[in-house]
Structure formats: C-alpha cells, structure tokens
Amino acid sequence: METLVVQYRKEYLKWKLEHDATAIYGHILFFFTALLKGWNLLMSKYYLRNVTAGSIVMCRKKPSLNISGTLIIGNGTKLWSVINRVRISSFRGAVVIIGENTFINGARIAAKKKISIGNNVHIAPEVIIMDSDFHDATDLDASGKSAEVIIGNHVWISTRAMILKGVTIGDGAVVAAGAIVTKDVPPYTLVAGIPARHIKKIELMNLELLFWLAVGLLAFTYAGYGVVIWAVNKVIKPGKIISETEEELPDVAILIAAYNEEDFIAAKICNTMQLDYPSSKLHIYVVSDGSNDRTNALIGPFENVTLLYEPARKGENCCHKQGNDIC
C-alpha cells in the first residue's frame, strides 16, 4: 500500500508540472485522469490477451489482430487506432516482433515469415508493412515469395509508405510519405519516392566528441579555471590603488549575512579587513539573522564593524534588504 501511495505522489508531481491547477482541484483532476488511464490499460490487456505483450502496452481503441502465428510486443509500446484501425496479421508459422516504446498509429502489418520492428519506432497512419507477395505474379493461385523484414531502432515511417519483403531499414532512418521501399535503407538515411531512393544522409553530432567535450568543460570548472587565474596573476601583477589622496576614494560598504557562524565569523571579518583599501573608507556591516550562538558577541571587538541584529530569522534576502536600507 505504501508503494502505491509513493507511486501516486510521483506521478501526481510529474503531472502537476505539466498542468496549472490548485492543490485540491489538481488531485481530483489527476485522480480521474489516472482512473481513465487505468481503464485504458485494462482494456488494452483485454484486447491483447492472446498475444505476448510487455508492461504498459496501451491501445487507443481496439486494434484488429489476426494472429495464427506469433505476435510479441515490447514494454511501453502504443497501438493507436484513432485515424485508422491498427491491423496486424501473423499467419501460421509467422512471427511479428515489435520493440519497446514504439508508436504505431493506424498502420497495417502482415507477416507470412517474420517482421521485426525495433525500439522507439514511429509508424504513421496507412503505412503498410508486408514480408510477402502473398500471390505469385504469373500464377494467382500460387503463394508469392516471402522474405524477412527488419526495421531498426529510432526509425520514422511516414504516412502511406509501403515496406515490402526482404527490406532492412537501419537505425535512425526516415521513410518519406508515400514511399515504396523495395531495397535496404542504410542507417540515418532519408529515402523517398517510388521506388524509394536515397535523398540525403542524416547527420548526427559525434556522440564521442560530445562526451569528451562535456568531460573537458567539467574538468575546467573544477581545475582549469583556477589554473588560468593563477597563470594570469603570475603574468599580470595586480597594481596598487593609485590616488593622490585618500579622500578621493569612495566609501565602500561590505554586507555580511550570518546565522550561527561563531566558528567562522571572526576569520571572515579579519579577511575582509585585510583588503587593500583604506580602513577609514571601508565599512563592514554584519546582519545577524536570528543567531542564537556566540556570533553577535564575537563581532563586538572589531572596529569599523557594525552589527545589525534581527531576532527572528527571515532569510538571506531580508538580510540584504535590511543592510541596503542602512547603507
């Protein structure tokens, strides 16, 4: 029961980020949304009761399944029959395998031998995928030739495209609308036309280069920046303040917000007072934000340090505001 409550909270917080709703109204709306999704999941289980389906396989409306062979559907896949009904036929001895997180919307799939569809594939309405001619061209009563169809991961097949027998479509490929694919499609390639022809190569950023660039930026953040500052400091010596008289320099106020900083406040003030600036022009304000340790007592002995004590803790922003009002 506790696990269900935790899962509900996680899903609710995730849902709330995407919707603008008050707490009570949000819980009510989310509850009915979750109830509807639960009903859809239950109906999907019923629709797919005679096939091998993974977890959270969702159907939007009932698909048409003619399964004399085998149909295997991976986790998180969606079969949408909103525009057109999804129709999947696996004839005796044939196998249809659909990977995980794949989205099929109103497509028709017919297998006499084997059709394999990878993970994260998007298949648009009225797409036809067949691994057989079903009839011989010279003898209509004879069975046609069959050959396995393989569709890789992250493939996008646009509306009304046709994938015919013996075709292998590589990972990341895109098939344009209306294309008839009769030959293999290399990975990360756009094809279009009748028959489908190579249009262009889909260029992706080199993932290895991206990885090492990220590592380099991370290393520079923690080590490289400090090395650069040290080198610049060695080459360019910081100069002293140049002024004919001390009176020409402006007064400088430094604001320090503190809460129970008895272990560090004295060292912080000493470090601030060592700045290369005339002490008569340097004013230090410490805003003690509800400190109840020895912070306030340790500030007293310092000259040119003003203690601003706030009995109730209000946060750093309020400390800054109080200090700015006095400065």
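On a predicted model such as this, the values are computed, not experimentally measured, just so you know.

1. Describing the nonpolar core
Ranked by internal contacts, the top residues of the largest apolar core, which has 37 residues, are Ile117, Ile123, Ile129, Ile151, Ile157 and Ile169. Elements with a contribution of two residues or more to this core: strand S4 (70-73), strand S7 (95-98), strand S9 (108-111), strand S10 (114-117) and strand S13 (149-151). When sequence neighbours within four positions are dropped, the list of residues in contact with isoleucine 129 reads Arg108, Ile109, Ala110, Ile115, Ile117, Ile123, Val149, Ile151, Ile157 and Ile163. With 8 residues, the next largest nonpolar core counts Ile256, Ile265, Ile269 and Ile284 among its residues.

2. Section: the sheet that holds strand S15 (residues 162-163)
Strand order in this open sheet of 6 strands is S3-S6-S9-S12-S15-S18, and the pairing throughout is parallel. With partners counted over all chains shown, the strands left at the sheet margins are strand S3 (64-67) and strand S18 (180-181), one partner each.

3. So, the side chain of threonine 272
With respect to the helices and strands, the residue threonine 272 is situated in helix H4 (residues 265-273). Take threonine 272: its relative accessible area is 5%, and that puts it in the buried class. Not counting residues up to four positions away in its chain, the partners in contact with threonine 272 are Ile254, Ile256, Leu282 and Ile284.

4. Some thoughts on the pairing of S7
In S7, alternate side chains face the same way, and those of Val96 and Ile98 are buried while those of Val95 and Ile97 on the opposite face are not. Relative to S7, S4 is paired through 4 bridges, and the arrangement is parallel. Residue pairing for S7: isoleucine 73 is matched across the bridge by isoleucine 98.

5. Some points on the pattern of salt bridges
What the rule picks out here adds up to 2 salt bridges. Taking the shortest distance from any N to any O, the salt bridge between arginine 160 and glutamate 126 comes out at 2.6 Å. You can see arginine 160 sitting in the loop between strand S14 (156-157) and S15 and its partner glutamate 126 sitting in the loop between strand S11 (122-123) and strand S12 (128-130), a full 34 residues away along the chain. Among the residues examined, glutamate 126 registers a relative accessible area of 26% and is labelled partly exposed. Here lysine 165 ties to aspartate 133 by a salt bridge, and the two come within 3.0 Å at their closest N and O atoms.

6. Thoughts on a nonpolar patch on the surface
A surface patch of nonpolar side chains, about 690 Å² in accessible area, is lined by Phe220, Tyr225, Val228, Ile229, Val232, Val235 and Ile236. Note on placement: isoleucine 236 falls in the loop between helix H3 (207-235) and strand S21 (252-258). Overall, isoleucine 236 belongs to the exposed group, its relative accessible area being 59%.

7. Description of the side chain of threonine 295
Relative to the helices and strands, threonine 295 is located in helix H5 (residues 295-299). Of the residues examined, threonine 295 reaches a relative accessible area of 0% and is grouped as buried. In this structure the side chain of threonine 295 is engaged in a polar contact, spanning 3.2 Å, whose partner is the backbone nitrogen of glutamate 262. Not counting residues within four places of it along the chain, the set of residues in contact with threonine 295 comprises Ala258, Asn260, Glu261, Glu262 and Ile265.

8. Quick look at a positive patch on the surface
On the surface, a cluster of positive charge is made up of Arg49, Lys62, Arg85, Arg87 and Arg108. Looking at the element boundaries, arginine 108 is found in strand S9.

9. Topic: the packing of aromatic side chains
The full count for this structure, using the stated rule, is 3 aromatic pairs. For arginine 49, the ring lying beneath its charged end belongs to tyrosine 46, and the centroid distance is 4.1 Å.

10. Digging into the pairing of S9
By the bridge criterion, 4 bridges tie strand S6 (residues 87-90) to S9 in an arrangement that is parallel. Counterpart to serine 90 in the pairing with S9 is alanine 111. In the sheet, S9 pairs with S12 via 3 bridges, with the strands oriented parallel. The residue bridging alanine 110 from the neighbouring strand is methionine 130, located in S12.

11. Description of the environment of tyrosine 309
Along the chain, tyrosine 309 falls in strand S23 (residues 305-310). With sequence-adjacent residues up to four places away left out, tyrosine 309 is seen in contact with Ser288, Gly290, Ser291 and Asn296.

12. Here's the deal with unusual backbone geometry
The linkage connecting isoleucine 194 with the following residue, proline 195, adopts the cis geometry, with an omega of -10°. Its location among the elements puts proline 195 in the loop between strand S19 (189-192) and strand S20 (197-201). Although it is not a glycine, asparagine 101 adopts a positive phi angle of roughly 55°. Mapped onto the secondary structure, asparagine 101 falls in the loop between S7 and strand S8 (103-105). The exposure class assigned to asparagine 101 is partly exposed, which follows from its relative accessible area of 43%. Even without being glycine, asparagine 260 reaches a positive phi, approximately 50°.

What counts and how
Residues numbered from 1 in each chain as written. Predicted model: local features only at pLDDT ≥ 70, side-chain atom pairs only at ≥ 80, totals over all residues. Heavy atoms only, no water. Core = buried A, V, L, I, M, F, W, Y, C linked by side-chain atoms within 4.5 Å. Buried < 20%, exposed > 50% of the residue type's maximum accessible area, 1.4 Å probe, protein only. Helix = DSSP H or I, 4+ residues; strand = E, 2+ residues; numbered from the N terminus. Contact = heavy atoms within 4.5 Å. Pairing = 2+ DSSP bridges. Salt bridge = Lys/Arg side-chain N within 4 Å of Asp/Glu carboxyl O. Patch = residues over 30% accessible without salt bridge, like charges linked within 9 Å, V, L, I, M, F, W, Y side chains within 5 Å. Areas by Shrake-Rupley, 256 points an atom, 1.4 Å probe, with all protein chains shown as cover. Polar contact = N/O pair within 3.5 Å; in protein donor to acceptor, adjacent residues only side chain to side chain. Lys, Arg positive; Asp, Glu negative; His and termini not counted. Charge placed at Lys NZ, Arg CZ, Asp CG, Glu CD. Phe/Tyr/Trp six-rings, centres within 6.5 Å; stacked < 30°, edge-to-face > 60°. Lys NZ or Arg CZ within 6 Å of the ring centre and 35° of its normal.

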